[in-house]
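Residue strings, one per chain:
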Amino acid sequence: MDNFLLVGIFGVLALYFFSSMNIYKAMYRRIAEEKEIAQNTVASLESLIGKYEGQIQSSISAIGDSQDSLQVAREDLQRIKINNSELEHRNKLLQDRVDELYASVGSI
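These remarks concern the structure in this document. (Residues numbered from 1 in each chain as written. Predicted model: local features only at pLDDT ≥ 70, side-chain atom pairs only at ≥ 80, totals over all residues. Heavy atoms only, no water.)

### Quick notes on the pattern of salt bridges
Consideration 1: The tally for this structure, following the rule as stated, stands at four salt bridges.
Consideration 2: Two residues, Asp-76 and Arg-79, come together in a salt bridge whose shortest N-O distance is 2.8 Å. With Asp-76 and Arg-79 both in helix H1 (residues 2-107) and three residues apart, the pair spans about one turn of that helix.
Consideration 3: Relative accessible area serves as the criterion here: at 31%, Asp-76 is assigned to the partly exposed category.
Consideration 4: Across the pair Arg-97 and Glu-100 runs a salt bridge, and its minimum N-O distance is 3.5 Å. Here the residue Arg-97 and the residue Glu-100 both occupy positions in helix H1, the gap between them amounting to three residues, near one helical turn. (Salt bridge = Lys/Arg side-chain N within 4 Å of Asp/Glu carboxyl O. Helix = DSSP H or I, 4+ residues; strand = E, 2+ residues; numbered from the N terminus. Buried < 20%, exposed > 50% of the residue type's maximum accessible area, 1.4 Å probe, protein only.)

### Notes on the packing of aromatic side chains
Consideration 1: The full count for this structure, using the stated rule, is one aromatic pair.
Consideration 2: Seen in terms of ring centroids, Phe-17 and Phe-18 are 5.4 Å apart; in terms of plane orientation they differ by 70°. Their pairing is edge-to-face.
Consideration 3: We classify Phe-17 as partly exposed; its relative accessible area is 48%. (Phe/Tyr/Trp six-rings, centres within 6.5 Å; stacked < 30°, edge-to-face > 60°.)

Shape is all these values report; function is a separate question.
Below, the structure written as structure tokens:
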């Protein structure tokens, strides 16, 4: 009787062990699948990060080139404005001189 009870208890424990072992195996497989999905997601996100970093670097260099050309254009514009102002002043002086000459010719 003792052996029968002992065998019964071992049988129940073995049944519990194997049923819980299957549950743990299923959980382990599911966790491994989720880990693989997470690793794939991380890899794709890292590739996107690399792609965007490359785009940012090219955009930064393009902005730097544009900024340099804009600075050159500003300097040229300032030079042209100064030159234009000097020419306007010179034109005014010449116009005043022409008016003086017409006045002197008119008085003769």
